[in-house]
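# Results of the structural survey
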Amino acid sequence: MDQNMLFSARFARITSGVILGSLILLLSGCLYPKKINLQSAYSKDEKIISRGQQLFQLNCSACHNFLQQGIGPSLEQVTTLASSEWVKSFIRNAPSLIEKGDARASQLYKQYNQMMPSFEHLKTVDIAAIAAYINTEQKSSTAESVDTKGALENPIFEKIAPSGLFLQLEDFSKAPPTADKTPVARINQMRVLPGAKDLLFIHDLQGFLYEVQENNWRLALDIRKERPLFINEPGMGTGLGSFAFHPEFYQNGLLYTTHTEPSKTAIADFAYEDSIKVSMQWVLTEWKIKDPTTLPFSGTSRTLLRINVVTGIHGVQEIAFNPLAKKNDPTYGLLYIGIGDGGASENGYPFICDSKRRIWSSVLCIDPSGRNSKNGQYGIPAGNPYAKLNDDQACREVYCRGFRNPNRFSWAPDGRMLVADIGHFNCEELNIAQTGGDYGWPYREGTFVINPRGKMSKVYPLPADDAKAGYLYPVLQYDHDEGKAIEGGFVYQGTAVPMLKGKYIFGDINNGRIFFADWAQLQQGKQVKIQEFGLKMGSEVVTLLGLSKGIKPDTRLGEGIDHELFIFTKSDGQVYKIVHCTQ
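Now for a quick tour of the structure. Every residue gets a number counted from 1 within its own chain, in the order that chain's sequence is written. Totals for whole chains, interfaces and linings use all residues, but because this is a predicted model, local features are given only for residues with pLDDT of at least 70 and pairs of side-chain atoms are given and counted only at 80 or more. With hydrogens and water set aside, each side-chain value is computed from the structure's full complement of heavy atoms.

## Considering the side chain of N232
Note the threshold: For the purposes of this entry, the term helix denotes a DSSP run of H or I that reaches at least four residues, the term strand denotes a run of E that reaches at least two, and both are numbered from the N terminus. The cut-offs for exposure are 20% and 50% of the maximum accessible area for each residue type, with area from a 1.4 Å probe on protein chains only; residues under the lower value are buried, those over the upper are exposed, and the others partly exposed. Whether two residues touch is decided by their heavy atoms; if any such pair falls within 4.5 Å, the residues are in contact.
For N232, the location among the structural elements is in the loop between helix 7 (223–226) and strand 6 (240–245). The buried category is assigned to N232, whose relative accessible area is 18%. For N232, the residues in contact, after removing those within four places along its chain, are R186, L205, Q206, T238 and G239.

Right, dumping it as structure tokens:
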């Protein structure tokens, strides 16, 4: 039985809910049982509503939609459950309402332990337009037609325990601000360019690549000037997504980047049905740098591939060459690319990421020096699982698939590729990449069943005959009692902090907790124990959430020179170095 039939037999369909884009976890029916008939307080002017829809797409849609609970909740009947004044006030400045002790705002903050940033940069008429648009999307009934019997309310009962170990953090540097509101510097990835003198690079999603020497951030590339159609809205992972130096960069000058451009900028190499909205395009670019030793970089470029996506989330946020591959290895010089589902599943199009003929929800592997791809701009490695498949429509770029958002991957000392996959509403996971492996999305979240055509906030136990599906499962996972979005990390291979040897160190983007597991115990088919580090600055025990003053820290981990580890937070642009580990 195929997956569509399987779920048709097991689940009914769900009445679509309403999810408010910019209002993170604003309302729920259980908090506000009394309806307030104040819909007349919202404009009915079509021009205002149209303007509100544009603003909603720009500021809100990356987090939420009108079909499923995503990063935010399903907010059914929001404009009849709270006054228009309160809704608009919350849109404008949720942190201010919380600070003033507003009962509704405070209860939500206490429940979810995070707040959305202020939107005071929006004009009053814009706030009103967003609210008016939201009002047009309300449903008349909150009744659900889906049977959620058997759903797991707490998928992973065991809590992550503190290890008793503390990472000693030290201020390393602070990124140049690129925004006047949180996050002030969307620093996203760190890379080392090896050479006679190793150099450290960090990029900002706003479009900047820097070479960093403590507090000296030297501009290496401003993609906004090189690509006039570059966009970095609506935030989240959009903008300058990732970068990677070719292993022979000093000889060939080749640098690779991914970035976002508006829909219809050019014909996409990977598209879907015309009836489905295209929010933007992800573009993979090869840069030929004239002088690799001179900053800022200058040279020529060419587009390798272009991918359409349904929304601004789950795009191409990681590209990398295997740093362990040697010149005589068949994987040397191959570029790995993580592409999520583009928000397709939670927007009602799960089939986009559920096929060997589609590129989404995959880790790709291409040869930038080859030319046997369909567009003739890159090569298909012979070792790719679908390279010789007898199917003209097969996506031969795919290395492994079945991920919602494979936003980080790295290589363990034994050569295994570790892929961190950000989950939907329940599970965060780490997987061992295997050629041709299928990790289950959109029919699995972690080690649980999810119904992409029903209520996706619910997960269910695996069926007794699950082996027939052929899915591979994570080697570690945690549920949303512990965090909301995994930040993939690294197996520590440095020498400055011996107590970290042999540990895979990772974290959670939303709350800034830092975890670890014994990488030698990572084994396909088994779940490894996760433990938590404490954090210290000087003699004081701290948290990243506390250091970022309660705003989501947007945590990232980086591997720097000599394989030492760094933690940085987009909320304030701060970069910390891990200098010690104590009990």
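## Concerning the sheet that holds strand 20 (residues 476–479)
Note the cut-off: Whether two strands pair comes down to DSSP finding at least two bridges between them. Each axis is a line fitted through C-alpha atoms, taken for helices only over the stretch in contact, and angles between the N-to-C directions span 0 to 180 degrees.
Strand order in the open sheet formed by four strands is 14-15-16-20, with antiparallel pairing between adjacent strands. A single partner strand is all that each edge strand has here, and the edge strands are strand 14 (408–411) and strand 20. Averaged over neighbouring strand pairs, the angle between their axes works out to 15° when direction is ignored. Alignment of strand 16 (residues 427–432) against strand 20, held across four bridges, turns out to be antiparallel. In the sheet register, C427 faces strand 20, and the bridge partner there is D479.

## Here's the deal with the pairing of strand 6
Most of strand 6 is tucked away: six of the six residues are buried. Pairing of strand 6 with strand 7 (residues 254–262) involves five bridges; the strand directions are antiparallel. Residue pairing in the sheet places S242 in a bridge with T258 of strand 7.

## Examining the packing of aromatic side chains
As a reminder of what qualifies: Two rings from Phe, Tyr or Trp (for Trp, the six-membered ring) form a pair when their centres sit within 6.5 Å of each other. Planes less than 30 degrees apart are called stacked, planes more than 60 degrees apart edge-to-face, and all others tilted. Only when the NZ atom of a Lys or the CZ atom of an Arg is both within 6 Å of the ring centre and within 35 degrees of the ring normal do we say a charge sits over the ring.
Evaluated as defined, the whole model comprises 23 aromatic pairs. Taken together, the ring pairs in this structure connect F201, F243, F245, F249, Y250 and F297 into an aromatic cluster. The residue whose ring lies beneath R191 is F243, and the NZ or CZ to ring-centre distance is 5.8 Å. Positioned above the aromatic ring of F166, the side-chain terminus of K536 is 5.0 Å from the ring centre.

## Topic: the sheet that holds strand 6
Spatially, four strands are ordered 6-7-8-9 in an open sheet, and the strand pairing comes out antiparallel. The strands lining the two open edges of the sheet, one partner per strand, are strand 6 and strand 9 (299–309). On average, each strand axis in the sheet is inclined to that of its neighbour by 20°, with strand direction left out of account.

## Quick word on unusual backbone geometry
The omega torsion across T182 and P183 is -5°, close enough to zero to call that bond cis. One can find P183 in the loop between strand 1 (161–174) and strand 2 (187–193). Of the consecutive residues W441 and P442, the connecting peptide bond is found in the cis state with omega at 15°. The residue P442 is located in the loop between strand 16 and strand 17 (444–445) in this model. Phi angles above zero are rare outside glycine, and K549 is one such case at about 60°. Note on placement: K549 falls in the loop between helix 9 (544–547) and strand 26 (555–559). Its identity is not glycine, yet D562 carries a phi of approximately 65°, on the positive side. Inspection of the secondary structure assignment puts D562 in the loop between strand 26 and strand 27 (565–569). Looking at D562, the relative accessible area reads 56%, which means it is exposed.

Such coordinate-based values are descriptive only and should not be taken to indicate function.
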